[in-house]
Amino acid sequence: MALRRQALEAVLRVARLREQQAAAQAQRERKKLFDAVGAARQLDQFAEEYRSDLPRIMSRGHALPSELVNTLEFARKLESTAHEQRIASEPQRQITEAAVAQHQALKLRLDGLEKLERRARSDELAEMQLREVRENEDAVSSRLHRR
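Numbering of residues begins from 1 in every chain and follows the order in which that chain's sequence is written. At least 70 in pLDDT is required for a residue's local features to be given in this predicted model, at least 80 for side-chain atom pairs to be given and counted, and no such filter applies to totals for whole chains, interfaces and linings, which use all residues. For the side-chain quantities, the full set of heavy atoms in the structure was used; hydrogens and water were omitted.

A. Looking closely at the packing of aromatic side chains. In summary, the pairing rule links any two rings of Phe, Tyr or Trp, Trp by its six-membered ring, whose centres are within 6.5 Å, and it sorts them by plane angle into stacked for under 30 degrees, edge-to-face for over 60 and tilted for everything else. Applying the stated criterion across every chain, the model contains one aromatic pair. Ring centres of Tyr50 and Phe74 lie 4.8 Å apart, and the angle between their planes is 70°; this geometry places the pair in the edge-to-face category. Of this pair, Tyr50 sits in helix α1 (residues 2-59) while Phe74 is found in helix α2 (residues 65-88), placing the two residues 24 residues apart along the sequence. We call a residue buried when its accessible area falls under 20% of the maximum for its residue type, exposed when it is over 50%, and partly exposed in between, using a 1.4 Å probe and counting protein chains only. Residue class for Phe74 comes out partly exposed when judged on its relative accessible area of 37%. Per the convention used, a helix needs a DSSP run of H or I reaching at least four residues, while a strand needs a run of E reaching at least two, with both numbered from the N terminus.

Written out as structure tokens, the structure reads:
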């Protein structure tokens, strides 16, 4: 019984370590994806700012058509770059999803192993209590029969 408990504890230690490593890896991958998507979102915001500058440029009264065209073209380039960034981040999204799925699988396995360990500990405790009860019964019985 003790050997089984030691083996279960060793498996649990390894499972906990693997789950922690998978959690850390999933977190790193999420951060990479968040950074990539955040960069694309920021480029979209910059493009929107450039587009919102058009009325201000035109209100000056002496806006050159080339200045307006350049502003619009730069906003389009920013949006295009943001779109390319999103497309480029798709493999990162898949890597992130795989890392999260692996973490979840290892977490479920760890939960199952912990449940087994709790059950084994409970069975061991019940067995120990039953043994003590039997010993006490035997002691009382032997005292009663001595008289």
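From this point, things continue past the structure.
B. The arrangement of the environment of Val37 in detail. With respect to the secondary-structure elements, Val37 resides in helix α1. Considered as a pair, Val37 and Arg121 are 84 residues apart in the sequence and their alpha carbons are 47 Å apart. For this analysis, residues touch if any pair of their heavy atoms sits within 4.5 Å. With near-sequence residues (within four places) excluded, Val37 lies in contact with Ser89 and Arg93.

C. Here's a closer look at the side chain of Glu19. Counting through the fold element by element, Glu19 comes out in helix α1. One buried charged side chain, Glu19, makes no salt bridge at all; its nearest oppositely charged neighbour is Lys107, positioned 4.7 Å away. Of the polar contacts made by the side chain of Glu19, one reaches the side chain of His103; its length is 2.8 Å. Beyond its immediate sequence surroundings of up to four residues, Glu19 is in contact with His103, Leu106, Lys107 and Leu110. Positive: Lys, Arg. Negative: Asp, Glu. His and the chain ends are not part of the count. Here a salt bridge means any side-chain nitrogen of Lys or Arg lying within 4 Å of a carboxyl oxygen belonging to Asp or Glu. Identification of polar contacts relies on pairs of N or O atoms within 3.5 Å, with a donor-acceptor requirement for protein atoms, meaning one able to donate a hydrogen and the other able to accept it, and with residues adjacent in sequence counted only if both atoms are side-chain atoms.

Just distances and angles here, no functional claims.
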